[in-house]
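Residues per chain are reported as follows:
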Amino acid sequence: MLLKTLVPTLSLAGAAFAASADDWRSRSIYQVIVDRFALEDGSNGACNPNDAVFCGGSWNGLKNKLDYIQGMGFSAIWISPVGRALDNTTAYGQGYHGYWPTSYTDLNSHFGNEDDLKSLSQAVHDRGMYLMVDVVVNHFASWGDSNVPFSSFSPLNAENMFHSKCYITDWSNQEMAEQCWMGDSNVPLPDVNTENDQVVGLLKDYVSNLVTKYSIDGLRLDAAKSIRKDFWPDFCGAAGVYCTGEAWFNGVEQLCPYQDYMDSVHNYVMQPYAVNAFKSASSDAISSLANVMNSLASSCKDATLLTSFMENHDNARMGAVTSDMARLKTFAAITVFSGGVPTVYYGQEQAFKGASDPNNREPLWTSGYATGSDKLYDYFNTLNTLRNFLVKDSSFASAQAQYTALSGSVLQIEKSGLRVLLANTGSGQDSSVTVGGWSANESLVDALGCTHVTADGSGNAHVTVKGGLPVALYPESKLSGLGLCSM
Ligand SMILES: *[C@@H]1O[C@H](CO)[C@@H](O)[C@H](O)[C@H]1NC(C)=O
Ligand SMILES: *[C@@H]1O[C@H](CO)[C@@H](O)[C@H](O)[C@H]1NC(C)=O
């Protein structure tokens, strides 16, 4: 409610789409760490993620590879932070990821200049895609904590614009998470004092200028849980675009309240439950996932706006969880069909295996940007093609998904007539289930596997989930023009 009343009065001309939450609901996002996505000359340069140093990826490199992203059906790109970052070589490497800013207002010259970022934004918009930029306003970064160079930061350049030094030692202490510093004496992250009115004003000016200058369509709010909740409505109001925040809470009752202050948050509740549900055959884990997802839908302001992910720069890749292709496809399918806004981390389509930070920030160029069905490139295109087709109907996009454990091994996600079936068996095993609620004798298609099923006279379809692979059942009569399965 807060955002809806603020956005119209504060949104500025100049943004290409200035996209609202409603606009983003039907989008599908591809997350990029700019330093690791593509080198401008297209080469396969050396980059060991474990070294945690700048590897040379840039906005121009990304711009040259937009076909690769759009070829999987994604309609938005989230890029890592654009501001100047710590490039001293610390005990934890360099700030190649963008989350150690030393200036919000100056761009990171490793990634390009103002014209390069504008040109990337233009190229994204020319394809009808949206640009989301990751913004860090919780902290700056320093090299050592004895002489923090506050005066060199921008636009917050005085010590009194920061909270006094105390390191976060207990993330369950919310006051500490908001008031103290992340990092440690190797890489301290001085914590911005967002209780200071002058700071709030400077941050609103900063974000409004950023969004306008680079025609940004949406923001990803880094470390959203480390700033008081009621800071965010004014900040996102000044930006005038959709905001999705990183409020890293795995509990429904902690995560949902953040959606009263910003359009969306990453679905940090779903991710660990979904890993448990599909990494192995445990029937309890399927019903636990169903219960927690239904609870999110009833407790959060609007679960269709939550950004759904299985992998990101802070969490292990699914390739580190399993090497079974049916399970990897299941993780891909729940990302796209959870009922929220799909958010896929670059390299998931290549079944990358990096586990914890920094190993999950691999250079994508080692994959040769392979398309095809060896890994998950074609599969993501199939999933997005189906979703892009269905969300053309805005009532599909805004319908809340309902989760049901159909058996100990098969989960159903129902959304406005689509029924996605996900099994926990892995490759090589079939599961039989009855999927009810169709019209008598209705002809159905599994749009992922291209098989046809006819419901019986009572509207029940008897379906075999083959080889542990996801199924997406929809009435054949409504799929004309889909672009899959010869329809
Ligand atoms: C850190 O890097 C900056 C920018 O390159 C440089 O000016 C500064 O001297 C470095 N600090 C240390 C302690 O090495
Ligand atoms: C469904 O098919 C059965 C068998 O062909 C038929 O007897 C029945 O009338 C059909 N029901 C409807 C509603 O079309």
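By the naming in an unreviewed UniProt entry, the chain goes by Alpha-amylase and is assigned to Schizophyllum amplum. As stated in UniProt under Cofactor (unreviewed entry), the record for the chain gives "Ca(2+)". Turning to the chain, the UniProt record has this under Catalytic activity (unreviewed entry): "Endohydrolysis of (1->4)-alpha-D-glucosidic linkages in polysaccharides containing three or more (1->4)-alpha-linked D-glucose units."

Draft legend 1. The arrangement of helix α8 (residues 197–213) in detail. The first and last C-alpha atoms of α8 sit 24 Å apart over 17 residues, in line with the 24 Å expected at 1.5 Å per residue. What α8 keeps buried is the set Val199, Val200, Leu203, Tyr206, Val207, Ser208, Leu210 and Val211. On its buried face, α8 sits against β3 (130–135), β6 (218–221) and α9 (232–239). Once α8 finishes, Ser215 follows within two positions and takes phi at roughly 50°, a positive value.

Draft legend 2. Examining the state of the cysteines more closely. Per the counting criterion, the structure on display carries five disulfides. Linked covalently through their sulfurs, Cys47 and Cys55 form a disulfide whose S-S length is 2.0 Å. Here the disulfide of Cys47 and Cys55 is right-handed, its torsion about the S-S bond being about 80°. Take Cys47 and Cys55: they sit in the same class, and that class is buried.

Draft legend 3. Examining the pattern of salt bridges more closely. Evaluated as defined, the whole model comprises 17 salt bridges. Between Arg25 and Asp22 there is a salt bridge; the shortest N-O distance is 2.3 Å. In this structure, Asp230 and Arg228 form a salt bridge, with 2.9 Å as the shortest nitrogen-oxygen distance. Residue classification places Arg228 among the partly exposed positions, given a relative accessible area of 22%.

Draft legend 4. Region of the structure containing the domain arrangement of the chain. Split by domain assignment, the chain resolves into domain 1 (21–397) and domain 2 (410–478). With 30 residues of domain 1 at the interface, the matching set in domain 2 holds 22 residues. Between domain 1 and domain 2 lies a buried interface of about 1,900 Å² when both sides are counted; carbon and sulfur atoms form 70% of it. Our count for the domain 1 to domain 2 interface comes out at zero salt bridges. Contributing elements (two or more residues each) for the side of domain 1 that touches domain 2: α11 (270–279), α12 (283–299), α14 (325–337), α15 (377–390) and α16 (394–397). It is α14 that contributes the most residues to the side of domain 1 that touches domain 2, eight residues altogether. Along the lines of polarity and charge, the residues of the side of domain 1 that touches domain 2 split into 18 nonpolar, nine polar and three charged.

Definitions and cut-offs
- Residues numbered from 1 in each chain as written.
- Chains lettered and ligands numbered in written order.
- Predicted model: local features only at pLDDT ≥ 70, side-chain atom pairs only at ≥ 80, totals over all residues.
- Heavy atoms only, no water.
- UniProt positions renumbered as here; feature names shortened; annotations may be inferred.
- Helix = DSSP H or I, 4+ residues; strand = E, 2+ residues; numbered from the N terminus.
- Expected span 1.5 Å × (residues − 1).
- Buried < 20%, exposed > 50% of the residue type's maximum accessible area, 1.4 Å probe, protein only.
- Contact = heavy atoms within 4.5 Å.
- Disulfide = S-S within 2.5 Å.
- Salt bridge = Lys/Arg side-chain N within 4 Å of Asp/Glu carboxyl O.
- Domains from an automatic or database assignment.
- Buried area = accessible area lost by both parts, 1.4 Å probe.
- Nonpolar A, V, L, I, M, F, W, Y, C, P; charged D, E, K, R; others polar.

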